[in-house]
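Observations on the three-dimensional arrangement
Chain by chain, the residues:
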Amino acid sequence: MKKVVKFGGSSLASAEQFRKAGDIIHSDEERRFVVPSAPGKRFSNDSKVTDMLYDCYHLAEQGRNFERVLGDIASRYQDIIEGLGLSISLKEEFAVIEKNFREKAGENYAASRGEYLNGIVMAAYLGFEFVDAAEVIRFNDKGDFDSELTNQMLGGRLSGMENAVIPGFYGAYEDGRVKTFSRGGSDITGSIVARAVKADVYENWTDVSGFLIADPKIIENPQGIETITYKELRELSYMGASVLHEDAIFPVRREGIPINIRNTNKPEDGGTWIVESTCQKSRYTITGIAGKTGFCSVNIEKAMMNSEIGFGRKVLQAFEDSGISFEHVPSGIDTMTVFVHQDEFMDKEQKVVSAIHRLADPDGIDIEGDLALIAVVGRGMKSTRGTAGRIFSALAHANVNVKMIDQGSSELNIIIGVANEDFETAIRAIYAIFVISQL
Ligand code: ASP
């Protein structure tokens, strides 16, 4: 068995956290490839090293004094090094970074140094080899991640190696310029490494014991999710679950490698398994509930719309022309509704309305704002009768007016639109009917 383990920023924020990660790695010799993030927050109003690096670089870019902030960053690492009793020094590395900041090496380079330095510390602490991600993770000229070339280069480099530490979050263009993924991108690196070494499992160690059925800010002590499929997670993550970067499932998904989300502070917890498919039934009919407020519905009416070929395309073109992406498009016989993010749409709404008139000649357009969308997701829905019935009777009993319903033909999820102010009540009602009533 071969495991790739990724540790998030809070799992590596201090020497004490590093020790926990080290113990986890050494307790299982199958944990051979390690992907660290940059040091995160040690306490709630602490700063993440990545944020400090962005701030520091912005000062450098403006020609202002950045040495003090860089010094603060250096002491974060020095505390870890001393706390672990290591004899390495990052002095020369910091001299190079300072010089490159002065020469305006770019924001991506700056941000990537958090993971780069933490990788050096981690490799020294574990006694593993350090492999710089800039040498093995490749972006193309357009700035897109080059998955196939990376897979070849990284697979080649790691084959035959017993262990290695590969820093998360960044790679490089062919000419060596560093490029980062979006924030939280070390999760993606872990997945890329797992694919390249054909790992049996990708363990993602963080500060929670996996995914929860619902947001703990809304539901007190929600139950955890033991097993979730990649598809279910997509439906939930795009609605705002924040444990794992939403792009992190793609590399491992190609090889059917499961992801196990684990808690560095509670390694005894089994966490959540993310898998391609499973015959394990989830404990409840639903696997999870997630949602977001701040949507707007644009309701377009036109008599005989159902028989007009191309109507939908013309309407959607009006959104595309203004660079607005849509979330859902439920439709009736003579109506079509487009759900969009209110903050993206607000400034452009009149432009979109006139474009719809110009392109599709509707009878009327009606816009409603301050809406929330809730996704109720579960592979168990397919084989269970009455799921939708239970959701809507729970919402009716909670006095929540349902404004929109959308169920994909996969029967994996039901999307419900409600007013922003009903958002939390609706989630509590759905959680109660599927989970609390089954406890
Ligand atoms: N350190 C980076 C961030 O704060 C990447 C990561 O932690 O995954 O976003």
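All of the points below concern the structure found in this document. (Residues numbered from 1 in each chain as written. Predicted model: local features only at pLDDT ≥ 70, side-chain atom pairs only at ≥ 80, totals over all residues. Heavy atoms only, no water.)

What to know about the nonpolar core
Counting 118 residues, the largest nonpolar core has Phe7, Ile73, Phe101, Met122 and Leu158 as the members making the most contacts within it. A total of 10 residues in this core trace back to one element, the largest contributor, which is helix H5 (residues 107-126). With near-sequence residues (within four places) excluded, isoleucine 73 lies in contact with Val49, Met52, Leu53, Cys56 and Phe94. Membership of the second largest hydrophobic core comes to 17 residues, among which are Val298, Ile300, Ala355 and Ala360. (Core = buried A, V, L, I, M, F, W, Y, C linked by side-chain atoms within 4.5 Å. Buried < 20%, exposed > 50% of the residue type's maximum accessible area, 1.4 Å probe, protein only. Helix = DSSP H or I, 4+ residues; strand = E, 2+ residues; numbered from the N terminus. Contact = heavy atoms within 4.5 Å.)

Let's talk about the packing of helix H3 (residues 67-83) against helix H4 (residues 91-102)
Where H3 contacts H4, the two axes come as close as 11 Å, and the packing angle between them is 150°. Judged by the inter-axis angle, H3 sits roughly antiparallel to H4. Crossing hand, H3 versus H4: right-handed. Listed contacts from H4 to Glu67, Leu70, Ile73, Ala74 and Tyr77 of H3 are Phe94, Ile97, Glu98, Phe101 and Arg102. For the contact of H3 with H4, the per-class residue count stands at 7 nonpolar, no polar and 3 charged. (Axes fitted to C-alpha atoms, helices over the stretch in contact; angles between N-to-C directions. Parallel < 35°, antiparallel > 145°, perpendicular 65-115°, else oblique. Left-handed = near helix turned anticlockwise from the far one by under 90°. Nonpolar A, V, L, I, M, F, W, Y, C, P; charged D, E, K, R; others polar.)

As for the site of the ligand
Surveying the vicinity of the ligand reveals the residues Ser37, Lys48, Thr50, Glu115, Phe169, Arg183, Gly184, Gly185 and Ser186. Take threonine 50: an N or O atom from its side chain is 2.7 Å from a nitrogen atom of the ligand. A distance of 3.4 Å is found between an oxygen atom of the ligand and a backbone nitrogen or oxygen belonging to glycine 185. For the shell around the ligand, the per-class residue count stands at 1 nonpolar, 5 polar and 3 charged. (Near = heavy atom within 4 Å. Polar contact = N/O pair within 3.5 Å; in protein donor to acceptor, adjacent residues only side chain to side chain.)

What to know about the pairing of strand S1 (residues 3-7)
Among the 5 residues in S1, 5 count as buried, and that is most of the element. Going residue by residue along S1, you find Lys3, Val5 and Phe7 tucked away on one face and Val4 and Lys6 tucked away on the opposite face as well. The sheet contact formed by S1 and strand S7 (residues 201-206) spans 5 bridges and is parallel. Bridged to lysine 3 within S7 is valine 201. Both S1 and strand S2 (residues 31-36) contribute to a ladder of 5 bridges, which runs parallel. Paired with valine 5 across the bridge in S2 is valine 34. (Pairing = 2+ DSSP bridges.)

Topic: the environment of leucine 59
You can see leucine 59 is positioned in helix H2 (residues 49-61). Looking at leucine 59, the relative accessible area reads 18%, which means it is buried. Linking leucine 59 and valine 5, residues 54 residues apart in sequence, is a C-alpha distance of 34 Å. For leucine 59, the residues in contact, after removing those within four places along its chain, are Arg64, Asn65, Phe66 and Val69.

Brief notes about the sheet that holds strand S16 (residues 413-419)
Read from one edge to the other, the open sheet built from 6 strands follows the order S12-S13-S11-S14-S16-S15, with strand pairing classed as antiparallel. What marks the edges here is a single partner per strand, and that holds for strand S12 (326-328) and strand S15 (404-407). Taken over all neighbouring pairs, the strand axes of this sheet differ in orientation by 40° on average, direction set aside. Relative to strand S13 (residues 335-341), S12 runs antiparallel, the two being bridged by 2 bridges. Looking across to S13, one finds that phenylalanine 326 is bridged to valine 340. Sheet strands touched by helix H13 (residues 349-360): strand S11 (288-301) and strand S14 (364-377). Its angle to S14, the strand with the most contacts, is close to 110°.

Quick word on the packing of aromatic side chains
In total, this model carries 11 aromatic pairs according to the counting rule given. When the centroid spacing of 5.9 Å and the interplanar angle of 45° are considered together, the rings of phenylalanine 66 and phenylalanine 101 count as tilted. One end of the pair, phenylalanine 66, is in the loop between H2 and H3; the other, phenylalanine 101, is in helix H4, and 35 residues separate them in sequence. For phenylalanine 66, a relative accessible area of 3% puts it in the buried group. (Phe/Tyr/Trp six-rings, centres within 6.5 Å; stacked < 30°, edge-to-face > 60°.)

Here's the deal with helix H8 (residues 186-196)
Judged by how many residues are buried, H8 sits mostly within the fold: 11 of 11 residues are covered. Among all positions of H8, only Ser186, Asp187, Ile188, Thr189, Gly190, Ser191, Ile192, Val193, Ala194, Arg195 and Ala196 are buried. Downstream of H8 by one or two residues, lysine 198 has phi in the positive range, about 50°.

Topic: the sheet that holds strand S3 (residues 129-130)
Here 8 strands make up an open sheet; going across it, the order is S3-S4-S2-S1-S7-S9-S10-S8 and the pairing mixed. With partners counted over all chains shown, the strands left at the sheet margins are S3 and strand S8 (227-229), one partner each. Direction of pairing for S8 relative to strand S10 (residues 272-275): parallel, over a ladder of 3 bridges. Residue isoleucine 228 lies in a different strand from S10, and its bridge partner there is isoleucine 274. Each of S8 and S10 is contacted by helix H9 (residues 230-237), which is oriented at about 85° to S8, the strand it contacts most.

Brief notes about the packing of H2 against H5
Where H2 meets H5, the axes come as close as 8 Å, and the angle between the chain directions of the two elements is 145°. Crossing of H2 over H5 shows right-handed handedness. The residues of H5 that touch H2, namely those facing Val49, Thr50, Leu53, Tyr54, Tyr57 and His58, are Glu107, Ala110, Ala111, Arg113, Gly114 and Glu115. Across the contact of H2 with H5, the residue classes tally to 6 nonpolar, 3 polar and 3 charged.

Brief notes about the environment of asparagine 118
Note on placement: asparagine 118 falls in helix H5. Under the relative-accessibility criterion, asparagine 118 is labelled buried at 0%. The sequence separation of asparagine 118 and proline 39 amounts to 79 residues, and the corresponding C-alpha distance is 7.1 Å. Those residues in contact with asparagine 118 that lie beyond four places of it in its chain are Leu12, Phe18, Pro36, Ser37, Ala38, Pro39, Tyr77 and Ile80.

Function cannot be read off these values alone, since they describe shape.
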